[in-house]
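Here is how the chains run, residue by residue.
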Amino acid sequence: MAELVIYNTLTRTEEPFIPREPGKVAMYACGLTPQAPAHVGHMRGVVVMDIVQRWFEQLGYTVNFVQNFTDIDDKIIRRANEEGISTTEVAEKYSKMYVEDAEALGVRLPRFVKVTENMDAIIEVVQRLVKDGYAYVVDGDVYFEVNKFPEYGKLSGRSVEEMQAGARIEVDERKRNPEDFALWKAAKPNEPAWDSPWGKGRPGWHIECSALSLKYLGAAFDIHAGGMDLIFPHHENEIAQSEAYLHCQQPFARYWLHWGPVRLRQEKMSKSTGVVVPIRELRQQYEPAVIRYFLLTVHYRTPLEFSYERLDEAKSALERIRTAYQRGQAFLREHRGTSADPVVAEPYVQQFRASMNHDFNTAQALATVFETVHEINTRLNTPEIAALPKTPAETAGLLDALQWMMETVLGVPLHQPATAHSETLEQLMQHVIAWRQELRSRKLYDLADRIRDDLKAMGILLEDSPQGTTWRIA
RNA sequence: GGCGCCGUACCCAAGUGGCCAAGGGGAGGGUCUGCAAAACCCUUAUUCGUGGGUUCGAUUCCCACCGGCGCCUCCA
């Protein structure tokens, strides 16, 4: 289990993964503020974490994966006012959409935790920070005092002096230092508020992730993940307040994993700029498996440029994999009862494992997938090899390996979603194919070709081969 | 201005101090086939932004420059 290497933002190096507790992985990812439909950038994080979870499971770990919903904050309040519904309704509406989108992409859901259901835990952390002198109260607000935490800046690699030099933000006069950040905000009139020792109010953005992750995972948990744009200030602040809370006796989290941004037309996809492709819309245009495949074609830390050309490429590439898998299955149906021989597949599996163990390198792992595909195609394509007695067993082994790589690890289905009328449609197609075959045997090729062209226009592809005609939906 | 990342073929994209610099998409040629599709074979980087340095040897390490991006403000 020790062969996994993870890039840790905290040390800026690749480190062997050593769990806090043998056989177990505790991980936390910063979720989103549910106030708008999720876009492709959000889904990248979701898919990356799903892959991470799946790979840990393949390595034999039991994974405890927690993700938060920031279900109360300024933007949710604004949204609630715009839509004329309550903040709870806003949060529920968009959380639900997010979960649906994630599930559509084949993601196994983490344990979701909400800020509004964990106020006690949050207040408890703030209280202790005030008591221990790391935080101070001003007019019902509570601020964390950055100067009290000497290691501030260790994640993002900047010093407090540098930040002051480059500060562009307006300084709140009530703060002792410009970098101090809010742990608790006093309620303004007509805002949702919770009781606290400092009066009615609600938590600051950073404190919730600290409180929730510590509550559900405990100190020094294994992996804290998020988008790269969260490194500063969000994660930097989380470390400061959490380690202060832990009296600097233990680290907050041990490995910091950050995925790269998704860009659109050379700009980061972001709600605030409006440069977004909502995943909802994209799902209308592309099968979720294609979207997921597209997200895996690049290493998770590399920025990913979104484009429809890339998605079309992903579609073609995935089709190549699926075609090989389906051909292989058809071949095996002619050789019922063969048990899989894993020997031929073994080198591919090993290579795939090595890629995944090297910081979850899915882009590299996909190269191995294609080598496996090539191996399968060659066997089926070469009559002398296909006729060998051992070929069915070896092919079965290769198909098992392919399925394991694609479906079990990468979570990309090898079958397209079944159509609603598949039973009827299948019967109909068999008739169409038979009639067309009749035309072909009478050499009425223009009629046969017209049928094929018409079906193609409908999105149904006919493929003739010496073994007969097959059909599939494009 | 500060911190950090990146620049590999027509496009996307892995990667390593020295074995032919993965893989995908696209394009061209060939095999099979009535044709098409799929698949297979061949071709598409004597070279990894530019210029120096370290080294027996660098695309890979160091420095400078050019170009692109992220963060420094809410952000996945």
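1. Observations concerning the overall build of chain A
Turning to step 1, where the next piece is worked out: Of the regular secondary structure elements, chain A holds 16 helices and 16 strands.
Turning to step 2, where the next piece is worked out: In terms of overall dimensions, chain A has a C-alpha envelope of 90 × 50 × 35 Å along the principal axes.
Turning to step 3, where the next piece is worked out: Counting the 474 residues in chain A, one finds 51% classified as buried.
Turning to step 4, where the next piece is worked out: A fraction of 75% describes how many contacts in chain A between residues 6 or more apart in sequence connect residues 24 or more apart.
Turning to step 5, where the next piece is worked out: Per element, the accessible surface of chain A, about 22,400 Å² overall, is 51% carbon and sulfur.

2. As for the pattern of salt bridges
Turning to step 1, where the next piece is worked out: This model, assessed by the stated rule, comprises 37 salt bridges.
Turning to step 2, where the next piece is worked out: Here E100 makes a salt bridge to R280, at a shortest N to O gap of 2.8 Å. Within this pair, whereas E100 is found in helix α3 (residues 87-104), its partner R280 is found in helix α8 (residues 279-285), the two being separated by 180 residues in sequence.
Turning to step 3, where the next piece is worked out: For R322, the salt bridge is made with E287, and the minimal N-O distance between the two is 2.8 Å. A residue pair is termed long-range when its members are at least 10 positions apart, and R322 in helix α10 (residues 308-333) and E287 in the loop between α8 and α9 (288-296) qualify at 35 residues. Here the two residues R322 and E287 agree in accessibility, since each one is buried.
Turning to step 4, where the next piece is worked out: Overlapping salt bridges, with partners in common, bring together K96, E100, D101, R280 and R283 in one network.

3. Structural notes on the packing of aromatic side chains
Turning to step 1, where the next piece is worked out: Taken as a whole, this structure holds 21 aromatic pairs when the rule is applied.
Turning to step 2, where the next piece is worked out: Between F144 and F181, the aromatic rings sit 5.2 Å apart at their centres with planes inclined by 20°, giving stacked as the arrangement. Of this pair, F144 sits in strand β7 (residues 141-144) while F181 sits in strand β8 (residues 181-186), placing them 37 residues apart in sequence.
Turning to step 3, where the next piece is worked out: Classification of F144 by relative accessible area gives buried; the value is 0%.
Turning to step 4, where the next piece is worked out: With relative accessibility at 6%, the residue F181 sits in the buried group.

4. Describing the nonpolar core
Turning to step 1, where the next piece is worked out: Residues F56, L257, F306, F352, M406 and L410 are the most contacted members of the largest nonpolar core, which totals 88 residues.
Turning to step 2, where the next piece is worked out: The element that contributes the greatest number of residues to this core is helix α1 (residues 40-58), accounting for 10 residues.
Turning to step 3, where the next piece is worked out: A domain split of this core shows at least three residues from each of domain 1 (5-281) and domain 2 (307-409).
Turning to step 4, where the next piece is worked out: Once residues within four sequence positions are removed from consideration, L257 is found in contact with I6, M49, V52, I223, H224, A225, G226, Y300 and F360.
Turning to step 5, where the next piece is worked out: In terms of nonpolar packing, the next biggest core, distinct from the first, is built from 45 residues, V125, V142, Y152 and I207 among them.

5. Comments concerning the sheet that holds strand β10 (residues 221-227)
The pairing of strands in a sheet happens through backbone hydrogen bonds and is either parallel or antiparallel.
Turning to step 1, where the next piece is worked out: Pairing within the open sheet is parallel, and its five strands lie in the order β5-β4-β3-β10-β11. A strand with exactly one partner marks an edge of an open sheet, and here the two such strands are β5 (111-114) and β11 (253-259). Averaged over all neighbouring strand pairs, the angle between strand axes comes to 25°, with direction disregarded.
Turning to step 2, where the next piece is worked out: Both strand β3 (residues 24-29) and β10 contribute to a ladder of three bridges, which runs parallel.

6. Here's the deal with the side chain of T368
Turning to step 1, where the next piece is worked out: Here T368 is to be found in helix α12 (residues 362-381).
Turning to step 2, where the next piece is worked out: Those residues in contact with T368 that lie beyond four places of it in its chain are Y348, Q351, F352 and M405.

7. Section: the domain arrangement of chain A
Turning to step 1, where the next piece is worked out: Domain boundaries in chain A define domain 1 (5-281), domain 2 (307-409) and domain 3 (422-473).
Turning to step 2, where the next piece is worked out: Between domain 1 and domain 3, the C-alpha centre-to-centre distance is 55 Å.

8. Digging into the sheet that holds strand β6 (residues 135-138)
Turning to step 1, where the next piece is worked out: Strand order in the open sheet made by the four strands is β6-β7-β8-β9, with antiparallel pairing throughout. Either end of the sheet is taken by a strand with one partner, and the two such strands are β6 and β9 (201-203). When strand polarity is set aside, the average angle formed by the axes of neighbouring strands in this sheet is 20°.
Turning to step 2, where the next piece is worked out: Relative to β8, β7 runs antiparallel, the two sharing three bridges. The residue bridging F144 from the neighbouring strand is F181, located in β8.

9. Concerning the pairing of β11
Successive side chains on a regular strand alternate, one facing one side of the sheet and the next facing the other.
Turning to step 1, where the next piece is worked out: Where burial is concerned, most of β11 is hidden: six out of the seven residues are buried.
Turning to step 2, where the next piece is worked out: In terms of strand pairing, β10 meets β11 through six bridges, oriented parallel. Looking at the pairing, G226 lines up with H258 of β11.
Turning to step 3, where the next piece is worked out: Following the chain from β10 across helix α7 (residues 231-245) to the adjacent parallel β11, one finds a crossover that is right-handed.

10. Digging into α9
Turning to step 1, where the next piece is worked out: With eight of nine residues buried, α9 is to be regarded as a mostly interior element.
Turning to step 2, where the next piece is worked out: Each element contacted by the buried residues of α9 is listed here: α1, α8, β14 (304-306), α10, α12 and α14 (391-409).

11. Focus on unusual backbone geometry
Turning to step 1, where the next piece is worked out: Here the amide bond leading from F232 into P233 is cis, since omega sits at 0°, within 30 degrees of zero.
Turning to step 2, where the next piece is worked out: Mapped onto the elements, P233 comes out in helix α7.
Turning to step 3, where the next piece is worked out: Positive phi, close to 55°, is recorded for A220, a residue that is not glycine.
Turning to step 4, where the next piece is worked out: The topology assignment puts A220 in the loop between α6 (205-217) and β10.
Turning to step 5, where the next piece is worked out: For F360, which is not a glycine, the phi torsion comes out positive at approximately 55°.
Turning to step 6, where the next piece is worked out: Mapping F360 onto the fold places it in the loop between α11 (346-357) and α12.
Turning to step 7, where the next piece is worked out: Taking the relative accessible area as the measure of exposure, F360 reaches 3% and is therefore buried.

12. Some words on the packing of α11 against α12
Turning to step 1, where the next piece is worked out: Direction vectors running N to C along α11 and α12 enclose 170°, while the axes themselves pass 8 Å from each other. In terms of axis orientation, α11 runs roughly antiparallel to α12. Across the interface between the two elements, Y348, Q351, F352, S355 and M356 of α11 pack against T362, Q364, A365, T368, V369, E371, T372 and E375 of α12.
Turning to step 2, where the next piece is worked out: Here the residues of the contact of α11 with α12 sort into five nonpolar, six polar and two charged.

Rules used in this analysis
- Residues numbered from 1 in each chain as written.
- Chains lettered and ligands numbered in written order.
- Predicted model: local features only at pLDDT ≥ 70, side-chain atom pairs only at ≥ 80, totals over all residues.
- Heavy atoms only, no water.
- Helix = DSSP H or I, 4+ residues; strand = E, 2+ residues; numbered from the N terminus.
- Buried < 20%, exposed > 50% of the residue type's maximum accessible area, 1.4 Å probe, protein only.
- Contact = heavy atoms within 4.5 Å.
- Areas by Shrake-Rupley, 256 points an atom, 1.4 Å probe, with all protein chains shown as cover.
- Salt bridge = Lys/Arg side-chain N within 4 Å of Asp/Glu carboxyl O.
- Phe/Tyr/Trp six-rings, centres within 6.5 Å; stacked < 30°, edge-to-face > 60°.
- Core = buried A, V, L, I, M, F, W, Y, C linked by side-chain atoms within 4.5 Å.
- Domains from an automatic or database assignment.
- Pairing = 2+ DSSP bridges.
- Axes fitted to C-alpha atoms, helices over the stretch in contact; angles between N-to-C directions.
- Right-handed = clockwise from strand over helix to strand, strands pointing away.
- Parallel < 35°, antiparallel > 145°, perpendicular 65-115°, else oblique.
- Nonpolar A, V, L, I, M, F, W, Y, C, P; charged D, E, K, R; others polar.

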